[in-house]
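Observations on the three-dimensional arrangement
Each chain, written out:
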Amino acid sequence: MKLDANMLRYLSKEDFRVLTAVEMGQKNHELVPAQLVSAISRLRHGGSYKVLRTLLRHKLIHHENKKYDGYRLTTLGYDYLALRALCARGVIAGVGRQIGVGKESDVYEVVDEEGNLNVCKFHRLGRTSFRAVKSKRDYLKHRQNYSWLYLSRLAARKEFDFMRALGESGIPVPEAIDYNRHCVVMSIIQARPLSQVIRLKSPAKVYKQIMLNMVKLAKLGLVHCDFNEFNIMLSDEEDITVIDFPQMISVKHRNASQLFQRDVDCIVKFFIRKVKYSPGEEELGALAYPTLEEAVEGVDLDDETMLDRQLRASGFKARLGQEGIHPRSDGEEESGSSGEDDGGSDGGDSLFDSEEEEAAMQELAEDLRDLGLREEGEEGEDEGSGGGGTEGLQGLLQVAQGYGGPGSGSAAAGNADDSSDRASQRSSASRSSSHRGRGSGGSRGA
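Let me begin by describing the structure that accompanies this report. (Residues numbered from 1 in each chain as written. Predicted model: local features only at pLDDT ≥ 70, side-chain atom pairs only at ≥ 80, totals over all residues. Heavy atoms only, no water.)

**Points about the packing of aromatic side chains**
Stated formally: Each pair of aromatic rings taken from Phe, Tyr and Trp, with Trp reduced to its six-membered ring, is defined by centres within 6.5 Å and is described as stacked if the planes are under 30 degrees apart, edge-to-face if over 60, and tilted in the remaining cases. Under the scheme used here, helices are H or I runs from DSSP no shorter than 4 residues and strands are E runs no shorter than 2 residues, and both carry numbers assigned from the N terminus. A 1.4 Å probe rolled over the protein chains alone gives each residue an accessible area, and that area as a share of the maximum for its type sets the label: buried under 20%, exposed over 50%, partly exposed in between. Whether a charge lies above a ring is judged from NZ of Lys or CZ of Arg, which has to be within 6 Å of the ring centre and within 35 degrees of the ring normal.
Following the criterion strictly, the structure yields six aromatic pairs and no others. On the basis of an interplanar angle of 35° and a centroid distance of 5.0 Å, the ring pair of F160 and Y179 is categorised as tilted. You can see F160 sitting in helix α6 (residues 148-168) and its partner Y179 sitting in strand β7 (residues 176-180), a full 19 residues away along the chain. Y179 matches F160 in its accessibility class, with the two residues each being buried. An aromatic cluster of three or more residues is present, and its members are Y207, F270, F271 and Y277. The ring of F16 carries the charged tip of R84 above its face, separated from the ring centre by 4.5 Å.

**Looking at the sheet that holds strand β4 (residues 94-101)**
The cut-off we apply is this: Between any two strands, pairing holds if DSSP finds at least two bridges. Only the stretch in contact is used when fitting a helix axis, every axis being a line fitted to C-alpha atoms; angles between N-to-C directions are given from 0 to 180 degrees. Note on contacts: a residue pair qualifies if any of its non-hydrogen atoms lie within 4.5 Å across the two residues.
With respect to topology, five strands assemble into an open sheet ordered β4-β5-β6-β8-β7, the strand pairing being antiparallel. The open sheet has two free edges, formed respectively by β4 and β7, since each of these has just one partner strand. Neighbour to neighbour, the strand axes of the sheet diverge by 25° on average, direction disregarded. Contacts between helix α4 (residues 75-88) and the sheet are confined to β4, β6 (117-123), β7 and β8 (183-187), with β7 contributing the most and set at about 130° to the helix. Along the sheet, α6 makes contact with β6, β7 and β8, crossing β7 at roughly 160°.

**With respect to the state of the cysteines**
Which entries qualify depends on this criterion: Disulfide assignment relies on a single distance test, namely cysteine sulfur atoms paired within 2.5 Å.
With the rule as written, the count across this model stands at zero disulfides. C120 provides the cysteine sulfur closest to C183, a residue in no disulfide bond, and the two sulfurs are 4.5 Å apart. A relative accessible area of 0% places C183 in the buried class.

**Section: the environment of V251**
With respect to the helices and strands, V251 occurs in the loop between β13 (249-250) and α8 (256-275). Classification of V251 as buried rests on a relative accessible area of 11%. The sequence separation of V251 and L222 amounts to 29 residues, and the corresponding C-alpha distance is 5.4 Å. In contact with V251, not counting residues within four places along its chain, are A218, G221, L222, V223, A256, L292, V296, L301 and D308.

**A word on the sheet that holds strand β12 (residues 240-242)**
The pairing of strands in a sheet happens through backbone hydrogen bonds and is either parallel or antiparallel. Spatially, β9-β11-β12 is the arrangement adopted by the three strands of the open sheet, whose pairing is antiparallel. Taken across any chain shown, the strands that pair with only one partner, and hence form the sheet edges, are β9 (192-193) and β12. With three bridges joining them, strand β11 (residues 232-234) and β12 adopt antiparallel strand pairing. Its bridge partner lying in β12, I232 is registered against V242. Taken strand by strand, helix α7 (residues 203-219) contacts β11 and β12, and its axis lies near 30° from that of β12.

**Comments concerning the pairing of strand β5 (residues 105-111)**
Among the seven residues in β5, six count as buried, and that is most of the element. Here β4 runs beside β5; their pairing, made up of five bridges, is antiparallel. In the sheet register, V101 faces β5, and the bridge partner there is D106. With antiparallel pairing between neighbouring strands as the criterion, β4 and β5 make up a hairpin whose turn holds three residues. With seven bridges connecting them, β5 and β6 associate as antiparallel partners. Each residue of the ladder has a partner; that of Y108, found in β6, is C120. The loop that links β5 with its antiparallel partner β6 comprises five residues; one of these, G115, has a positive phi angle of about 85°.

Right, dumping it as C-alpha coordinates:
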(Lines give C-alpha, C1' and ligand atoms only; values in the text may rest on other atoms or scores of the structure.)
Protein backbone atom coordinates (compact mmCIF):
# COMPACT_ATOMS: atom_id res chain seq x y z
CA MET A 1 0.00 0.00 0.00
CA LYS A 2 1.34 3.41 -0.95
CA LEU A 3 1.82 5.80 1.93
CA ASP A 4 -0.64 8.69 2.06
CA ALA A 5 0.36 11.00 4.89
CA ASN A 6 -2.40 13.56 4.32
CA MET A 7 -4.75 11.90 6.81
CA LEU A 8 -2.12 12.18 9.54
CA ARG A 9 -2.95 15.84 10.19
CA TYR A 10 -6.65 15.08 10.72
CA LEU A 11 -6.28 12.33 13.33
CA SER A 12 -6.95 13.41 16.90
CA LYS A 13 -5.16 12.52 20.11
CA GLU A 14 -7.91 10.02 20.90
CA ASP A 15 -7.31 8.30 17.55
CA PHE A 16 -3.63 7.87 18.36
CA ARG A 17 -4.42 6.72 21.89
CA VAL A 18 -6.51 3.88 20.52
CA LEU A 19 -3.97 3.13 17.79
CA THR A 20 -1.22 2.94 20.41
CA ALA A 21 -3.47 0.75 22.56
CA VAL A 22 -3.80 -1.73 19.68
CA GLU A 23 -0.02 -1.76 19.31
CA MET A 24 0.45 -2.40 23.03
CA GLY A 25 -2.13 -5.16 22.95
CA GLN A 26 -0.24 -6.89 20.17
CA LYS A 27 2.56 -7.53 22.64
CA ASN A 28 0.89 -10.84 23.43
CA HIS A 29 -2.14 -11.00 21.14
CA GLU A 30 -2.39 -11.73 17.46
CA LEU A 31 -5.78 -10.02 17.47
CA VAL A 32 -6.37 -7.52 20.27
CA PRO A 33 -9.85 -7.86 21.81
CA ALA A 34 -11.99 -4.74 21.75
CA GLN A 35 -12.36 -4.88 25.55
CA LEU A 36 -8.59 -4.79 25.97
CA VAL A 37 -8.26 -1.84 23.56
CA SER A 38 -10.82 0.02 25.66
CA ALA A 39 -9.04 -0.88 28.90
CA ILE A 40 -5.64 0.31 27.66
CA SER A 41 -6.82 3.49 25.90
CA ARG A 42 -9.01 4.48 28.88
CA LEU A 43 -11.35 6.70 26.92
CA ARG A 44 -14.45 7.57 28.86
CA HIS A 45 -18.01 6.60 27.98
CA GLY A 46 -16.95 3.87 25.55
CA GLY A 47 -15.20 6.33 23.26
CA SER A 48 -12.72 3.73 22.05
CA TYR A 49 -15.39 1.88 20.06
CA LYS A 50 -16.25 4.99 18.10
CA VAL A 51 -12.56 5.63 17.43
CA LEU A 52 -12.07 2.03 16.29
CA ARG A 53 -14.68 2.57 13.60
CA THR A 54 -12.84 5.70 12.46
CA LEU A 55 -9.52 3.86 12.27
CA LEU A 56 -11.16 1.03 10.35
CA ARG A 57 -12.56 3.48 7.83
CA HIS A 58 -9.08 4.85 7.18
CA LYS A 59 -7.58 1.31 7.03
CA LEU A 60 -5.22 1.92 9.92
CA ILE A 61 -6.36 -1.25 11.68
CA HIS A 62 -7.81 -4.55 10.54
CA HIS A 63 -10.84 -6.22 12.13
CA GLU A 64 -11.62 -9.92 12.42
CA ASN A 65 -14.51 -11.63 14.16
CA LYS A 66 -13.79 -15.34 13.68
CA LYS A 67 -13.00 -16.65 17.15
CA TYR A 68 -13.62 -13.33 18.89
CA ASP A 69 -13.93 -9.65 18.09
CA GLY A 70 -10.34 -8.43 17.61
CA TYR A 71 -8.16 -5.85 15.89
CA ARG A 72 -4.59 -5.62 14.65
CA LEU A 73 -2.44 -2.88 13.15
CA THR A 74 -2.07 -2.56 9.41
CA THR A 75 1.10 -1.39 7.71
CA LEU A 76 -0.42 2.05 7.21
CA GLY A 77 -1.35 2.29 10.89
CA TYR A 78 2.20 1.36 11.86
CA ASP A 79 3.48 4.03 9.44
CA TYR A 80 1.32 6.64 11.12
CA LEU A 81 2.55 5.73 14.60
CA ALA A 82 6.19 6.01 13.47
CA LEU A 83 5.60 9.26 11.60
CA ARG A 84 3.84 10.85 14.56
CA ALA A 85 6.72 9.94 16.89
CA LEU A 86 9.29 11.35 14.46
CA CYS A 87 7.20 14.50 13.97
CA ALA A 88 7.04 15.00 17.74
CA ARG A 89 10.85 14.89 17.85
CA GLY A 90 11.11 17.46 15.05
CA VAL A 91 12.86 15.01 12.73
CA ILE A 92 10.05 15.07 10.16
CA ALA A 93 7.81 18.01 9.31
CA GLY A 94 6.57 16.85 5.90
CA VAL A 95 6.56 13.82 3.63
CA GLY A 96 7.30 14.18 -0.07
CA ARG A 97 7.41 11.88 -3.07
CA GLN A 98 8.47 8.29 -3.19
CA ILE A 99 11.99 8.02 -4.60
CA GLY A 100 12.62 4.32 -4.31
CA VAL A 101 10.99 0.94 -3.80
CA GLY A 102 12.56 -2.44 -3.17
CA LYS A 103 11.67 -5.96 -2.21
CA GLU A 104 11.72 -5.08 1.50
CA SER A 105 11.44 -1.29 1.79
CA ASP A 106 9.97 1.96 0.47
CA VAL A 107 11.96 5.21 0.41
CA TYR A 108 10.40 8.69 0.63
CA GLU A 109 11.69 12.21 0.70
CA VAL A 110 11.01 14.03 3.98
CA VAL A 111 11.76 17.49 5.30
CA ASP A 112 12.55 18.48 8.88
CA GLU A 113 11.46 21.55 10.82
CA GLU A 114 14.42 23.55 9.52
CA GLY A 115 13.59 22.77 5.90
CA ASN A 116 16.41 20.28 5.34
CA LEU A 117 15.67 17.51 2.86
CA ASN A 118 16.28 13.98 4.13
CA VAL A 119 15.25 10.42 3.31
CA CYS A 120 12.90 8.15 5.27
CA LYS A 121 13.12 4.42 4.65
CA PHE A 122 10.09 2.31 5.61
CA HIS A 123 10.95 -1.36 6.01
CA ARG A 124 8.28 -3.60 4.46
CA LEU A 125 9.24 -7.16 5.24
CA GLY A 126 6.64 -9.70 4.20
CA ARG A 127 6.02 -8.70 0.62
CA THR A 128 5.33 -11.51 -1.80
CA SER A 129 8.65 -10.79 -3.53
CA PHE A 130 10.59 -11.52 -0.34
CA ARG A 131 8.85 -13.83 2.11
CA ALA A 132 11.79 -16.16 2.85
CA VAL A 133 12.95 -13.87 5.67
CA LYS A 134 13.08 -16.68 8.21
CA SER A 135 15.63 -18.59 6.14
CA LYS A 136 17.48 -15.59 4.64
CA ARG A 137 17.82 -13.49 7.81
CA ASP A 138 18.50 -14.33 11.44
CA TYR A 139 16.20 -11.71 12.92
CA LEU A 140 14.17 -14.38 14.69
CA LYS A 141 17.13 -16.25 16.19
CA HIS A 142 15.48 -19.12 18.10
CA ARG A 143 11.90 -17.81 17.94
CA GLN A 144 9.25 -19.68 16.00
CA ASN A 145 6.42 -17.14 15.83
CA TYR A 146 6.65 -13.66 14.42
CA SER A 147 4.81 -10.88 12.63
CA TRP A 148 5.96 -8.92 9.62
CA LEU A 149 5.65 -5.64 11.52
CA TYR A 150 7.94 -6.94 14.24
CA LEU A 151 10.51 -8.15 11.70
CA SER A 152 10.39 -4.77 9.98
CA ARG A 153 11.05 -3.11 13.32
CA LEU A 154 14.09 -5.34 13.92
CA ALA A 155 15.44 -4.65 10.42
CA ALA A 156 15.12 -0.88 10.89
CA ARG A 157 16.87 -0.94 14.23
CA LYS A 158 19.69 -3.09 12.86
CA GLU A 159 20.15 -0.86 9.81
CA PHE A 160 20.28 2.29 11.93
CA ASP A 161 22.90 0.79 14.26
CA PHE A 162 25.05 -0.41 11.36
CA MET A 163 24.77 2.88 9.48
CA ARG A 164 25.74 4.99 12.48
CA ALA A 165 28.69 2.75 13.40
CA LEU A 166 29.98 2.58 9.81
CA GLY A 167 29.75 6.34 9.41
CA GLU A 168 31.82 6.83 12.56
CA SER A 169 34.38 4.34 11.19
CA GLY A 170 34.91 6.26 7.94
CA ILE A 171 32.86 4.12 5.56
CA PRO A 172 31.01 6.29 2.97
CA VAL A 173 27.40 5.81 4.08
CA PRO A 174 24.43 8.19 4.53
CA GLU A 175 24.26 9.96 7.88
CA ALA A 176 21.95 8.13 10.28
CA ILE A 177 19.66 10.76 11.81
CA ASP A 178 16.97 8.91 13.75
CA TYR A 179 14.67 5.91 13.67
CA ASN A 180 11.35 4.85 15.17
CA ARG A 181 9.67 1.47 14.86
CA HIS A 182 10.23 0.40 11.23
CA CYS A 183 11.33 3.81 9.86
CA VAL A 184 14.91 5.02 9.47
CA VAL A 185 15.64 8.68 8.69
CA MET A 186 18.96 9.37 6.97
CA SER A 187 20.60 12.16 5.05
CA ILE A 188 19.93 12.41 1.33
CA ILE A 189 22.85 11.90 -1.04
CA GLN A 190 23.19 13.51 -4.45
CA ALA A 191 23.96 10.35 -6.37
CA ARG A 192 22.35 7.61 -8.43
CA PRO A 193 22.62 3.82 -8.28
CA LEU A 194 25.60 2.32 -10.03
CA SER A 195 23.21 0.09 -11.97
CA GLN A 196 21.89 3.16 -13.84
CA VAL A 197 25.33 4.28 -14.98
CA ILE A 198 26.03 3.63 -18.67
CA ARG A 199 29.70 4.61 -18.82
CA LEU A 200 32.34 5.73 -16.36
CA LYS A 201 35.06 8.32 -16.80
CA SER A 202 37.49 6.28 -14.71
CA PRO A 203 36.34 2.66 -14.23
CA ALA A 204 39.56 1.71 -12.42
CA LYS A 205 39.02 4.46 -9.83
CA VAL A 206 35.43 3.39 -9.09
CA TYR A 207 36.35 -0.30 -8.99
CA LYS A 208 39.21 0.39 -6.60
CA GLN A 209 36.95 2.43 -4.30
CA ILE A 210 34.44 -0.39 -4.15
CA MET A 211 37.00 -3.07 -3.35
CA LEU A 212 38.77 -0.86 -0.81
CA ASN A 213 35.53 -0.33 1.10
CA MET A 214 34.70 -4.02 0.91
CA VAL A 215 38.09 -4.87 2.40
CA LYS A 216 37.75 -2.11 5.00
CA LEU A 217 34.41 -3.56 6.08
CA ALA A 218 36.09 -6.95 6.51
CA LYS A 219 38.84 -5.39 8.65
CA LEU A 220 36.07 -3.96 10.84
CA GLY A 221 34.66 -7.47 11.22
CA LEU A 222 31.72 -7.24 8.81
CA VAL A 223 30.62 -8.65 5.46
CA HIS A 224 27.95 -6.70 3.56
CA CYS A 225 26.32 -9.75 1.87
CA ASP A 226 24.49 -7.60 -0.70
CA PHE A 227 27.32 -5.53 -2.14
CA ASN A 228 26.20 -5.04 -5.73
CA GLU A 229 25.45 -2.30 -8.23
CA PHE A 230 22.01 -1.66 -6.75
CA ASN A 231 23.36 -0.81 -3.29
CA ILE A 232 26.21 1.43 -4.42
CA MET A 233 25.42 5.07 -5.15
CA LEU A 234 27.69 7.01 -7.50
CA SER A 235 28.01 10.80 -7.51
CA ASP A 236 28.90 13.01 -10.47
CA GLU A 237 32.50 13.07 -9.20
CA GLU A 238 32.41 9.24 -9.26
CA ASP A 239 32.61 8.89 -5.49
CA ILE A 240 30.67 5.97 -4.06
CA THR A 241 28.26 5.70 -1.13
CA VAL A 242 27.18 2.34 0.27
CA ILE A 243 23.57 1.70 1.33
CA ASP A 244 21.37 -1.16 2.63
CA PHE A 245 22.79 -2.81 5.76
CA PRO A 246 20.27 -5.05 7.61
CA GLN A 247 21.71 -8.28 6.17
CA MET A 248 25.33 -7.67 7.23
CA ILE A 249 27.08 -10.51 9.06
CA SER A 250 30.24 -11.07 11.05
CA VAL A 251 33.45 -12.30 9.46
CA LYS A 252 33.20 -15.15 11.99
CA HIS A 253 30.02 -16.40 10.38
CA ARG A 254 30.46 -19.90 8.99
CA ASN A 255 29.43 -18.68 5.51
CA ALA A 256 31.30 -15.38 5.63
CA SER A 257 33.99 -16.39 3.13
CA GLN A 258 31.48 -17.59 0.52
CA LEU A 259 29.29 -14.49 0.93
CA PHE A 260 32.30 -12.20 0.66
CA GLN A 261 33.33 -13.90 -2.58
CA ARG A 262 29.78 -13.61 -3.88
CA ASP A 263 29.92 -9.84 -3.34
CA VAL A 264 33.25 -9.67 -5.17
CA ASP A 265 31.88 -11.77 -8.05
CA CYS A 266 28.84 -9.48 -8.39
CA ILE A 267 31.04 -6.40 -8.77
CA VAL A 268 33.47 -8.10 -11.18
CA LYS A 269 30.63 -9.37 -13.39
CA PHE A 270 28.98 -5.96 -13.46
CA PHE A 271 32.16 -4.18 -14.55
CA ILE A 272 32.91 -6.79 -17.20
CA ARG A 273 29.38 -6.96 -18.58
CA LYS A 274 28.13 -3.37 -18.24
CA VAL A 275 31.21 -1.16 -18.02
CA LYS A 276 33.41 -3.32 -20.29
CA TYR A 277 36.24 -3.12 -17.79
CA SER A 278 38.31 -6.13 -16.73
CA PRO A 279 40.28 -5.56 -13.51
CA GLY A 280 43.92 -6.53 -13.74
CA GLU A 281 46.39 -7.40 -11.03
CA GLU A 282 49.08 -5.24 -12.65
CA GLU A 283 46.99 -2.13 -12.05
CA LEU A 284 45.12 -3.00 -8.86
CA GLY A 285 47.24 -5.68 -7.21
CA ALA A 286 45.38 -7.69 -4.53
CA LEU A 287 42.30 -5.45 -4.94
CA ALA A 288 41.62 -6.95 -8.37
CA TYR A 289 40.00 -9.98 -6.77
CA PRO A 290 40.28 -9.86 -2.96
CA THR A 291 39.44 -12.73 -0.63
CA LEU A 292 38.21 -12.61 2.96
CA GLU A 293 41.30 -14.42 4.24
CA GLU A 294 43.58 -11.81 2.68
CA ALA A 295 41.40 -8.95 3.90
CA VAL A 296 41.47 -10.00 7.58
CA GLU A 297 45.10 -11.13 7.56
CA GLY A 298 46.92 -9.59 10.50
CA VAL A 299 43.68 -8.28 12.08
CA ASP A 300 42.89 -9.17 15.68
CA LEU A 301 39.32 -10.41 15.36
CA ASP A 302 38.97 -10.59 19.15
CA ASP A 303 39.60 -6.87 19.58
CA GLU A 304 36.90 -5.07 21.57
CA THR A 305 36.67 -2.38 18.89
CA MET A 306 35.54 -4.80 16.15
CA LEU A 307 32.12 -3.74 14.93
CA ASP A 308 30.74 -7.26 14.71
CA ARG A 309 31.46 -7.59 18.43
CA GLN A 310 29.97 -4.22 19.34
CA LEU A 311 26.86 -4.60 17.18
CA ARG A 312 26.34 -8.33 17.74
CA ALA A 313 26.28 -9.01 14.03
CA SER A 314 24.89 -12.29 12.73
CA GLY A 315 27.37 -15.12 13.13
CA PHE A 316 29.29 -13.47 15.97
CA LYS A 317 30.34 -16.01 18.58
CA ALA A 318 31.69 -15.04 21.95
CA ARG A 319 32.24 -18.40 23.64
CA LEU A 320 35.30 -20.58 23.31
CA GLY A 321 34.50 -23.88 21.58
CA GLN A 322 35.96 -26.75 19.62
CA GLU A 323 35.70 -25.25 16.15
CA GLY A 324 37.66 -22.02 16.35
CA ILE A 325 34.94 -20.06 18.10
CA HIS A 326 36.41 -17.10 19.90
CA PRO A 327 36.36 -16.60 23.67
CA ARG A 328 34.16 -14.20 25.55
CA SER A 329 34.94 -12.02 28.51
CA ASP A 330 33.52 -12.64 31.97
CA GLY A 331 29.97 -11.44 32.40
CA GLU A 332 29.44 -11.15 28.67
CA GLU A 333 26.39 -12.89 27.26
CA GLU A 334 26.58 -15.26 24.38
CA SER A 335 24.93 -13.72 21.35
CA GLY A 336 22.78 -16.74 20.68
CA SER A 337 21.30 -16.73 24.18
CA SER A 338 20.10 -13.14 24.13
CA GLY A 339 16.62 -12.08 23.17
CA GLU A 340 14.53 -14.88 24.63
CA ASP A 341 10.77 -14.56 24.35
CA ASP A 342 9.18 -13.14 27.46
CA GLY A 343 6.83 -15.40 29.35
CA GLY A 344 3.77 -13.31 28.58
CA SER A 345 3.90 -13.99 24.86
CA ASP A 346 1.41 -16.42 23.41
CA GLY A 347 3.33 -16.76 20.15
CA GLY A 348 1.17 -14.29 18.24
CA ASP A 349 1.88 -11.04 16.43
CA SER A 350 4.16 -9.60 19.07
CA LEU A 351 5.68 -6.20 18.29
CA PHE A 352 8.06 -6.45 21.23
CA ASP A 353 10.81 -8.74 22.45
CA SER A 354 12.90 -8.93 25.58
CA GLU A 355 15.92 -7.69 23.60
CA GLU A 356 14.30 -4.35 22.93
CA GLU A 357 11.63 -4.30 25.64
CA GLU A 358 13.15 -1.30 27.41
CA ALA A 359 13.61 0.69 24.20
CA ALA A 360 10.12 -0.15 22.99
CA MET A 361 8.57 0.84 26.31
CA GLN A 362 10.44 4.13 26.24
CA GLU A 363 9.08 4.80 22.74
CA LEU A 364 5.52 4.08 23.82
CA ALA A 365 5.96 6.11 26.99
CA GLU A 366 7.10 9.04 24.88
CA ASP A 367 4.15 8.64 22.52
CA LEU A 368 1.64 8.34 25.33
CA ARG A 369 3.16 11.33 27.11
CA ASP A 370 2.68 13.39 23.95
CA LEU A 371 -0.91 12.19 23.75
CA GLY A 372 -1.57 13.26 27.32
CA LEU A 373 -2.30 9.75 28.57
CA ARG A 374 -1.98 9.55 32.33
CA GLU A 375 -2.37 6.63 34.67
CA GLU A 376 -5.87 6.81 36.07
CA GLY A 377 -6.01 6.01 39.74
CA GLU A 378 -8.50 7.50 42.13
CA GLU A 379 -10.34 10.51 40.79
CA GLY A 380 -8.82 12.84 43.34
CA GLU A 381 -5.27 11.73 42.56
CA ASP A 382 -5.78 11.86 38.81
CA GLU A 383 -6.20 15.60 38.82
CA GLY A 384 -2.88 16.35 40.48
CA SER A 385 -0.73 13.50 39.23
CA GLY A 386 1.61 13.87 36.28
CA GLY A 387 1.70 10.21 35.20
CA GLY A 388 1.89 8.91 31.69
CA GLY A 389 5.57 8.01 31.81
CA THR A 390 7.20 4.63 32.13
CA GLU A 391 5.40 3.79 35.40
CA GLY A 392 1.99 4.37 33.85
CA LEU A 393 3.02 2.36 30.84
CA GLN A 394 4.10 -0.52 33.09
CA GLY A 395 0.62 -0.60 34.54
CA LEU A 396 -0.96 -0.66 31.10
CA LEU A 397 1.34 -3.44 29.96
CA GLN A 398 0.30 -5.43 33.03
CA VAL A 399 -3.28 -4.97 31.93
CA ALA A 400 -2.39 -6.27 28.47
CA GLN A 401 -0.45 -9.23 29.84
CA GLY A 402 -3.09 -10.12 32.41
CA TYR A 403 -5.90 -10.12 29.87
CA GLY A 404 -6.49 -13.69 28.75
CA GLY A 405 -9.05 -12.98 26.06
CA PRO A 406 -12.87 -12.90 25.92
CA GLY A 407 -14.59 -14.81 28.67
CA SER A 408 -11.65 -14.57 31.06
CA GLY A 409 -13.22 -11.92 33.30
CA SER A 410 -12.25 -8.29 33.69
CA ALA A 411 -9.75 -6.89 31.22
CA ALA A 412 -7.83 -5.43 34.13
CA ALA A 413 -7.42 -8.80 35.81
CA GLY A 414 -3.91 -9.53 36.89
CA ASN A 415 -3.88 -8.04 40.35
CA ALA A 416 -3.29 -11.04 42.59
CA ASP A 417 -4.61 -9.31 45.73
CA ASP A 418 -7.91 -8.31 44.10
CA SER A 419 -8.45 -11.75 42.65
CA SER A 420 -7.71 -13.45 46.01
CA ASP A 421 -10.11 -11.05 47.76
CA ARG A 422 -12.85 -11.86 45.27
CA ALA A 423 -12.17 -15.58 45.68
CA SER A 424 -12.39 -15.36 49.47
CA GLN A 425 -15.65 -13.40 49.23
CA ARG A 426 -17.14 -16.01 46.92
CA SER A 427 -16.07 -18.86 49.21
CA SER A 428 -17.50 -17.14 52.30
CA ALA A 429 -20.74 -16.44 50.43
CA SER A 430 -21.02 -20.06 49.39
CA ARG A 431 -20.43 -21.22 53.00
CA SER A 432 -23.09 -18.90 54.34
CA SER A 433 -25.59 -20.04 51.71
CA SER A 434 -24.88 -23.70 52.55
CA HIS A 435 -25.48 -22.98 56.26
CA ARG A 436 -28.77 -21.30 55.40
CA GLY A 437 -29.73 -24.28 53.26
CA ARG A 438 -29.03 -26.77 56.05
CA GLY A 439 -30.89 -24.66 58.53
CA SER A 440 -34.00 -24.36 56.39
CA GLY A 441 -33.89 -28.08 55.63
CA GLY A 442 -33.79 -28.93 59.35
CA SER A 443 -36.83 -26.76 60.10
CA ARG A 444 -38.85 -28.45 57.36
CA GLY A 445 -37.84 -31.89 58.67
CA ALA A 446 -38.89 -30.92 62.18
